[in-house]
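Structure at a glance
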Amino acid sequence: MQDLTAKIISLCKRRGFIFPSSEIYGGFGSGYDFGPLGTEMKNNIKLAWWDEMTKKQDPPAGGIVGLDAAILMSPRVWQASGHLTAGFADELVECKGCHKRFKKDELTPHQRTGGGCPECGGKLTEPRKFNLMMKTSVGPVEEEAATAYLRAETCQGIYVNFENILNSMRLKIPFGVAQIGKAFRNEITPKDFIFRTREFEQMEMQWFCRPKEAIKYFDFWKKERVEWYLSLGIKKENLRIKEVPAEERAHYAKQQIDIEYKFPFGWKEIEGVHNRGDFDLSNHSKYSEKDLRYFDEETKEKYFPYIIETSGGADRSFLAFICDAYQEIKGGRTKTTEAVKEVETLLKLDKRIAPIKVAVLPLVRNKPELVKKAKEVYQLLKPHFVCQYDELGSIGRRYRRQDEIATVFCLTCDFQTLEDDTLTVRYRDTMKQERVKISDLVNVLKEKLQN
Ligand code: GAP
């Protein structure tokens, strides 16, 4: 199945979804850049998540507000959060022969107990702790500058703003705060394309609730988050929940589940749901010497709210959506003409996530009236939808090019268009075609894309 990963990486590069970072310099630290289509698609994922959090939720999950906190925060934040200590470190072993480094928990028990390096069979060093925080210096003169850290999780920005948000928005618990942003970890072994990188984007929501309601909300959010992936088209059989046992949990978690996706390289976490208890607010209270307890007007009690966190990766869900949508059809799907011998690729992304919604195609490009008409239609639709105009190659080839990048509708201007101002709307998944009046197009497409 590694083959499938290679095909997806190739498609992503060829069609402008994802490029290796700093490629002309030979790449950099397994970083990646999102290309024109990747940017549209990632924005769509983030928007779908944002809408889900801030618009959809009703009681018992109600009132989720947004935040966009700074990446660079006081280093004391990371002392209080436990990230500068052993809690946020991987165990690293190095091969004395080839000097490659490995995460201890990625080695087989045999390799771990002296079996040797997975690459060259050489002897491995004893494991040592390696902290994952990315260091930088803040200030104009490096020697005098203060050490700071790039945030390793976005949620800390939410905790340190708990009081600000509570007071400015006059909220009562339970309520949530959602945030999307970059996070950084000095991963020992970045790998599997964009699955594990040193710079990535998180979509995190922190739900503040009464301690005695934490278990109830943990279960609620666990279900909601799985539903979200399913609602955006992820196949049920490719998603599962892993209950994380106490010894494997993150240092802050009282309860933890991982939502795992069946990638071509195995079942892997795409999102975590954590009951963080009062770990964060009580530690930030202690370190900042600010009382971050909440006064509950109903019960007349003062306490640290418990936090249920949903923490997903925008990059990992991007990869899961692409893997899930990727299909190859031998000989092609068209039955009206002789089977095309080549393999056809179809990316069946949910219409909300697909980067291009509409492609406008003149049937042939050597008829100026058709080209002119198609260009007019493109100009008409461009302000409303992410569109492409394409006139190169046979119409069948152009349909296949659009299917490969998940374009939801292909609109073709043909000879009838010149007579009655209608064109064909072709559906990506069924290849069904229907004629629509150009004057109705914007409304018809809007409706189709919404429902
Ligand atoms: N605030 C909790 C937290 O950060 P996590 O399980 O360490 O929890 C949450 O990370 C999510 O962030 C993961 O499920 C994954 O989607 C994403 N993530 C974490 N490390 C990553 C990395 N190195 N590369 C890409 N995504 C990563």
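What counts as what
- Residues numbered from 1 in each chain as written.
- Predicted model: local features only at pLDDT ≥ 70, side-chain atom pairs only at ≥ 80, totals over all residues.
- Heavy atoms only, no water.
- Near = heavy atom within 4 Å.
- Polar contact = N/O pair within 3.5 Å; in protein donor to acceptor, adjacent residues only side chain to side chain.
- Areas by Shrake-Rupley, 256 points an atom, 1.4 Å probe, with all protein chains shown as cover.
- 1 Å grid on protein atoms, 1.4 Å probe; cavity = no way out; pocket = protein on both sides within 12 Å on 5 of 7 lines; lining within 4 Å.
- Sits in = over half its atoms within 2 Å of the grid points.
- Helix = DSSP H or I, 4+ residues; strand = E, 2+ residues; numbered from the N terminus.
- Nonpolar A, V, L, I, M, F, W, Y, C, P; charged D, E, K, R; others polar.
- Expected span 1.5 Å × (residues − 1).
- Buried < 20%, exposed > 50% of the residue type's maximum accessible area, 1.4 Å probe, protein only.
- Arc of directions from axis to C-beta.
- Contact = heavy atoms within 4.5 Å.
- Points joined across faces, edges and corners; volume = space filled by probe spheres on them.
- Patch = residues over 30% accessible without salt bridge, like charges linked within 9 Å, V, L, I, M, F, W, Y side chains within 5 Å.
- Salt bridge = Lys/Arg side-chain N within 4 Å of Asp/Glu carboxyl O.
- Axes fitted to C-alpha atoms, helices over the stretch in contact; angles between N-to-C directions.
- Parallel < 35°, antiparallel > 145°, perpendicular 65-115°, else oblique.
- Left-handed = near helix turned anticlockwise from the far one by under 90°.

Structural notes on the site of the ligand
The environment of the ligand is made up of 22 residues, and the closest members are E153, T197, E204, E269 and E309. A distance of 2.6 Å separates an oxygen atom of the ligand from a polar side-chain atom of E269. A distance of 2.8 Å is found between an oxygen atom of the ligand and a backbone nitrogen or oxygen belonging to I270. Bound to the protein, the ligand loses 94% of the 550 Å² it would expose on its own. Taken atom by atom, the bulk of the ligand overlaps the largest pocket. Taken together, the elements giving at least two residues each to the shell around the ligand come down to β10 (199-209), β13 (266-277) and β16 (306-313). Element by element, the count of residues in the shell around the ligand is highest for β13, at six residues. Counted by class, the shell around the ligand contains five nonpolar, seven polar and ten charged residues.

Considerations on helix α10 (residues 368-381)
With 14 residues, α10 should cover 20 Å at 1.5 Å per step; its first-to-last C-alpha distance of 20 Å lies within 8% of that length. Of all the positions in α10, only L370, V371, K373, A374, V377, Y378 and L381 are classed as buried. The buried side chains of α10 occupy one side of the element, clustering within an arc of 165° when seen end-on. Residues of α10 that are exposed and point over 90 degrees away from its buried face: P368 and K372. Considering only its buried residues, α10 is in contact with β19 (358-362), β20 (387-389), β21 (409-413), α12 (415-420), β22 (422-427) and α13 (441-450).

Structural notes on the layout of surface pockets
For the largest pocket, the calculated volume is near 1600 Å³. Lining the largest pocket are 49 residues; nearest its centre among them are D90, K103, D105, R185 and E269. Taken together, the elements giving at least two residues each to the lining of the largest pocket come down to β4 (89-94), β10, β12 (255-263), β13, β16 and α9 (314-325). If you tally residues by element for the lining of the largest pocket, the top one is β13, at seven residues.

Description of the environment of F19
Relative to the helices and strands, F19 resides in strand β1 (residues 18-20). When the C-alpha positions of F19 and C98 are compared, they lie 29 Å apart, and in sequence the two are 79 residues distant. Other than its neighbours up to four places away in sequence, F19 contacts K13, Y32, D33, G35 and P36.

Points about a nonpolar patch on the surface
Together, I71, L72 and V138 give the surface a local cluster of nonpolar side chains, amounting to about 220 Å² of exposed area. Mapped onto the elements of the fold, I71 is located in the loop between β3 (64-66) and α3 (75-81). The class for I71 is partly exposed, based on a relative accessible area of 30%.

Re the packing of α10 against α13
For the pair α10 and α13, the least separation of the axes is 10 Å and the interaxial angle reads 60°. One finds that α10 runs oblique with respect to α13. α13 is crossed by α10, and the crossing has right-handed handedness. Facing V377, L380 and L381 of α10, the residues of α13 in contact are L441, V442 and L445.

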